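What follows is the residue order along each chain.
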Amino acid sequence: MTEGKAGSKLKWLWLAVLVIAVDLGTKALASAMLTYADPVPVLPSFNLTLLHNTGAAFSFLANAEGWQRWFFVALALIVSVVLVTWLRKLKANETWTAIAIVLILGGALGNVYDRVVHGYVVDFLHFYWQDWHFPAFNLADTAITIGAAMMILDLFRKPADGGDA
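These notes cover the structure that comes with them. (Residues numbered from 1 in each chain as written. Predicted model: local features only at pLDDT ≥ 70, side-chain atom pairs only at ≥ 80, totals over all residues. Heavy atoms only, no water.)

For the rest of this paragraph, the subject is the sheet that holds strand β3 (residues 121-129). Here four strands make up an open sheet; going across it, the order is β1-β2-β3-β4 and the pairing antiparallel. Each of the sheet's edge strands pairs with one partner strand only, and the pair in question is β1 (40-43) and β4 (132-133). Packed onto the sheet, helix α4 (residues 95-118) meets β2 (46-53) and β3 and runs at close to 120 degrees relative to β3. (Pairing = 2+ DSSP bridges. Helix = DSSP H or I, 4+ residues; strand = E, 2+ residues; numbered from the N terminus. Contact = heavy atoms within 4.5 Å. Axes fitted to C-alpha atoms, helices over the stretch in contact; angles between N-to-C directions.)

Written as structure tokens, this is what we have:
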């Protein structure tokens, strides 16, 4: 395989690095400027609220005895290896899929950093409507969600030959 074919989609790894940098930067700002669990209103139905999540999405397993920290680190690292392997095998015309993969990769690694260094993930984006509150999240979670949504959309937009449209 030539570099042009095998490495062509690895060029998108810069986007994963950008996601990690912006995610960690915003988490550092939130940690430095916000008081834990004290909402700062920004817009109607949106606050900046610093929270620490020891679990996964929606605080799943947050109340476990601590084993979940390393479980989620290991899981994210395994998924990251799978994503990079998948990225390397993409065809030249599969740019949409490449972008989806690196968004998920960047988000996963941003949250892994938090788990390894802090023992929890820093969350600070808090949306709500009246008495209903969506769980706080961060930019890594946003990148993961956008990447996953792109993959789901891809299932509906791909032509029968399996290439990107």
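Still more to cover.
Our next topic: the packing of aromatic side chains. As enumerated under the stated definition, the model contains six aromatic pairs in all. When the ring of Phe 127 is compared with that of Phe 137, the centres are 5.9 Å apart and the planes differ by 15 degrees; the resulting orientation is stacked. One end of the pair, Phe 127, is in strand β3; the other, Phe 137, is in the loop between β4 and α5 (139-157), and 10 residues separate them in sequence. One aromatic cluster is present, built from ring pairs that chain together Phe 46, Phe 127, Trp 132, Phe 134 and Phe 137. (Phe/Tyr/Trp six-rings, centres within 6.5 Å; stacked < 30°, edge-to-face > 60°.)

Everything listed is a geometric property; what it means functionally is a separate question.
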